[in-house]
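What the coordinates show
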Amino acid sequence: MYNEVSNLVVDQKIKSFLRKRERHPLVKQNGSIHSNSFEQTLTSKYPTAQNPFHSNSLSIQTFVIEVVEGPHKGESLSLDKEVVLIGRAEWCDLQLLNDRWLSKHHCELHISSDEIRVKDLGSRNGIYLDELRVYDACFLPQTRLRVGESVLALNSSSEEKVLRIPYHDDSCRLVGQSSKMRNIFSYMERLGKQDVSTLLLGETGTGKTSIAQAIHEQSRRKDGPFVVVNCGALPASLIEASLFGYEKGAFTGAHQSHRGYFEQAHGGTLFLDEIGELPLHLQPLLLDVLERQQVRPLGSERMVDVDFRLLCATHRNLRGAIEQKLFREDLYYRLATIELEVPALRERIEDLPLLIQMFLCELAPERRITLDVDALEKLKDYLWPGNIRQLRNTIERALTFLEDDVIRVDDLYLHPVEETSLYTLPPSSQSSKQAQELVDTLTDETAPLKDLMEKVERLILQQTLQACDWKVPPAAEKLQISKVWLYNRIKKYDLPLPSKKERG
């Protein structure tokens, strides 16, 4: 559930859903979506979209990855997960601890019915297929994968196995059948077993708080407190006292002692939302608490031991903030041992039926609510600047004014979306300057292929947008790509979209 509620309320809601599923069988009418089943398909039109408590299965060929060279020669791993992580860290599926040239989380394998892909996770020394450096490529049995000092081979057999594909996380708090969400589910399973600091990145409203709480509920600290702190909502004058706590009389108005958020999270998880809004002068204090595992309340001479797992989230570009001297680099690396990119709703539109199913069951568990197919198509075509939070509010508003049990197009109110409302982007360089930078890069023999490709892509996108008067739909059509894909690239390369007024 994407709203912020207590563990007790969540448990009660899930139990309530399960009690009601027998009384509300799915009804299929002209491809409409009904909200009253957790055991069957949502709609005849979308037969692969399953309920939030369902998992799909995939029949795949049996593969084993074997270390044929390096410090761990002879070790092997059967590929029985959709995502397999390789690195030095203990949460990796194939842990090559003695390979000194390997990163903590070096690369990952994605297993599907037709191929196995290997993806670099920003490793320091890269990944190579038959001595060719790659970033995202198909891993075939006849090739060799080199990571650090180790060389890996892929062995297959004629036997087949069934691979479980979950459409939900283990806490049943999150749902999704998109590849990006399934990738997050696979990481959450590992993160729950470790106290590693995790940074959630993504736009506002994508469900970062729900992911943080789901990680907490799957961890060894699940019986401890889950403390949520929105760094952007705390007044600057009170944020230090709120985090560290204070003794009675520490300052004017401190009429009694107060345990700070660090102490409140002892034995559990502390979730610092909007960590990018934390004032610069408090960042070294947070770093000190993380290193020492101790806090000193304001007005106190004693140090208090604290033991908590830290999760953070932000919608800001922290790397850019570091360059602008607005965020400490050492704190960033302390927080971002693992980074999870939470996709925007427009990047996971295939999850809409699942999300709608969940919200309808949550908001109207006693009613047989039907979502008309045309209404669903309208929701799928929308760009969702407010993401999951906006979708839930849209469904809730439709239910509030619904006179019968069918949600139609006219029942849905969606705010008009201007292209510039999706991203707030900084001004970028002139095309001529970027063209010169591109020439300089192309003549630099040491420049990685990935950098060359990104610079070429950025310049092509900017020139195409300029030629189309900075209008995304015609630019996407001209490039023969989807609007969503183009919006994602606009965000990645910080390309400015002038407002209609600026375009004249």
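In short, a report on the structure. What you are looking at is a predicted structure, and each value in this text was computed from that prediction instead of being measured. (Residues numbered from 1 in each chain as written. Predicted model: local features only at pLDDT ≥ 70, side-chain atom pairs only at ≥ 80, totals over all residues. Heavy atoms only, no water.)

Describing the pairing of strand E7 (residues 116-120)
Here E7 shows one buried face, formed by Ile116, Val118 and Asp120, and one open face, formed by Arg117 and Lys119. In this structure, strand E6 (residues 107-111) lies alongside E7, joined through five bridges in antiparallel fashion. Across the sheet, residue Cys107 finds its bridge partner in E7, namely Asp120. Between E6 and E7, which pair antiparallel one after the other, the connecting turn spans four residues. When E7 meets strand E10 (residues 136-138), the two strands line up antiparallel, connected through three bridges. (Buried < 20%, exposed > 50% of the residue type's maximum accessible area, 1.4 Å probe, protein only. Helix = DSSP H or I, 4+ residues; strand = E, 2+ residues; numbered from the N terminus. Pairing = 2+ DSSP bridges.)

Some words on unusual backbone geometry
Backbone geometry places Asp130, a non-glycine residue, at a positive phi of 50 degrees. For Asp130, the position within the fold is in the loop between strand E8 (127-129) and strand E9 (132-134). Residue Asn387 is not a glycine yet carries a positive backbone phi of 60 degrees. Take Asn387: it is sitting in helix H11 (residues 387-400).

Quick notes on the environment of Gly267
Structurally, the position occupied by Gly267 is in the loop between helix H5 (261-264) and strand E17 (269-273). For Gly267, a relative accessible area of 31% puts it in the partly exposed group. For Gly267, the contacting residues outside a window of four places in its chain are Arg221, Gly224, Pro225 and Asp307. (Contact = heavy atoms within 4.5 Å.)

Details of the environment of Arg489
Here Arg489 lies in helix H15 (residues 483-492). Each C-alpha atom of the pair Arg489 and Glu457 lies 9.1 Å from the other, and the pair is 32 residues apart in sequence. Excluding residues within four positions of it along the chain, Arg489 makes contact with Glu457 and Leu461. A distance of 3.1 Å separates polar atoms of two side chains, one belonging to Arg489 and the other to Glu457. (Polar contact = N/O pair within 3.5 Å; in protein donor to acceptor, adjacent residues only side chain to side chain.)

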